[in-house]
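# Tertiary structure, described
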Amino acid sequence: RKEVEQDPGPFNVPEGATVAFNCTYSNSASQSFFWYRQDCRKEPKLLMSVYSSGNEDGRFTAQLNRASQYISLLIRDSKLSDSATYLCVVIPMEYGNKLVFGAGTILRVKS
Amino acid sequence: GAGVSQSPSNKVTEKGKDVELRCDPISGHTALYWYRQSLGQGLEFLIYFQGNSAPDKSGLPSDRFSAERTGGSVSTLTIQRTQQEDSAVYLCASSLASGSGQRAFFGQGTRLTVV
């Protein structure tokens, strides 16, 4: 089983739609979680951290479910500019450990 | 500069040659990571440096690959006797070391083409 798994998509949605992605992780001791976005032929950029209580940043909401070992990203009122690959990232231990990336979920927002 | 800087941005090399890729992390960041990404693929972990600890080299694909980090700052990834399958974008990232603050920031990458 992969350490971090994501549905590769693509998710094709119209502008204004709400879309959600899940990501599962295998290491129950994982402590830190993030969502990154990557545009075509660009480097990954941090979108948001994921906190235990869930957190929101504008149209984006991230949640963590430790019992089921998954994190989610919800995007409301999708924009064309949201089209990208969304990468789930897990740090297995609290201190000093590598970032483990999922393979990414492709989102295409169409007008 | 304020961000992670990588050089060169593009490198074309002949099969069998050695190449060196450089990464300047964000000042004060003690953790440094190298990943590579082949076209249309996900990020493949290569190596991770954390302060003065021994690096995690578990992702290096062969002994042709090595990396060092001098003075806890700049890092160099060296690929010896390059092969065509080494062609990829090599990405460097840096972060602070502590727990949930370990948000990592990436450089723009070095696109390596082995011909």
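From a predicted model like this one, the values you see are computed outputs, not experimental measurements.

Further remarks concern the confidence of the model for chain A. Per-chain confidence: chain A averages 93 in pLDDT, with 97% of residues scoring 70 or above. When mean pLDDT is compared element by element in chain A, strand β11 (residues 105-110) of chain A scores highest at 98, while strand β10 (residues 100-101) of chain A scores lowest at 92.

The computed volume of the largest pocket comes to approximately 770 Å³. Forming the boundary of the largest pocket are 33 residues, of which Q38(A), C40(A), R41(A), Q37(B) and G40(B) lie nearest the centre. Listing elements by their share of the lining of the largest pocket, those giving two or more residues are β9 (84-91) of chain A together with β8 (88-95) and β10 (110-114) of chain B. Here the element with the most residues in the lining of the largest pocket is β10(B); it accounts for four residues. Residues belonging to the lining of the largest pocket are distributed by class as follows: eleven nonpolar, 17 polar and five charged. Empty space within the second largest pocket amounts to approximately 360 Å³.

Once their charged atoms are close, side chains differing in charge can pair, the charge on each being opposite to the other. Evaluated as defined, the whole model comprises seven salt bridges over all chains. In this structure, K79(A) engages D77(A) in a salt bridge whose closest nitrogen and oxygen atoms are separated by 2.9 Å. Between D24(B) and R22(B) there is a salt bridge, with the nearest N and O atoms lying 2.8 Å from each other.

The next thing to look at is the interface of chain B and chain A. Contacts between chain B and chain A engage 24 residues on the former and 19 residues on the latter. Taking both sides of the interface into account, the surface hidden between chain B and chain A amounts to around 1,700 Å²; carbon and sulfur atoms contribute 58%. Together, L43(B), Q102(B) and F106(B) form the three largest contributors to the area buried by chain B at its contact with chain A, with a combined 25%. In this structure, the connection of chain B to chain A is made through zero salt bridges. Counting every contact that joins chain B to chain A gives three residue pairs in polar contact (both at pLDDT 80 or more).

The next subject is the environment of G102(A). Looking at the secondary structure, you find G102(A) in the loop between β10 and β11. Setting aside its immediate chain neighbours within four residues, G102(A) contacts V4(A), Q6(A), L87(A) and C88(A).

About the thresholds
Residues numbered from 1 in each chain as written. Chains lettered and ligands numbered in written order. Predicted model: local features only at pLDDT ≥ 70, side-chain atom pairs only at ≥ 80, totals over all residues. Heavy atoms only, no water. pLDDT = per-residue confidence, 0-100. Helix = DSSP H or I, 4+ residues; strand = E, 2+ residues; numbered from the N terminus. 1 Å grid on protein atoms, 1.4 Å probe; cavity = no way out; pocket = protein on both sides within 12 Å on 5 of 7 lines; lining within 4 Å. Points joined across faces, edges and corners; volume = space filled by probe spheres on them. Nonpolar A, V, L, I, M, F, W, Y, C, P; charged D, E, K, R; others polar. Salt bridge = Lys/Arg side-chain N within 4 Å of Asp/Glu carboxyl O. Contact = heavy atoms within 4.5 Å. Buried area = accessible area lost by both parts, 1.4 Å probe. Polar contact = N/O pair within 3.5 Å; in protein donor to acceptor, adjacent residues only side chain to side chain.

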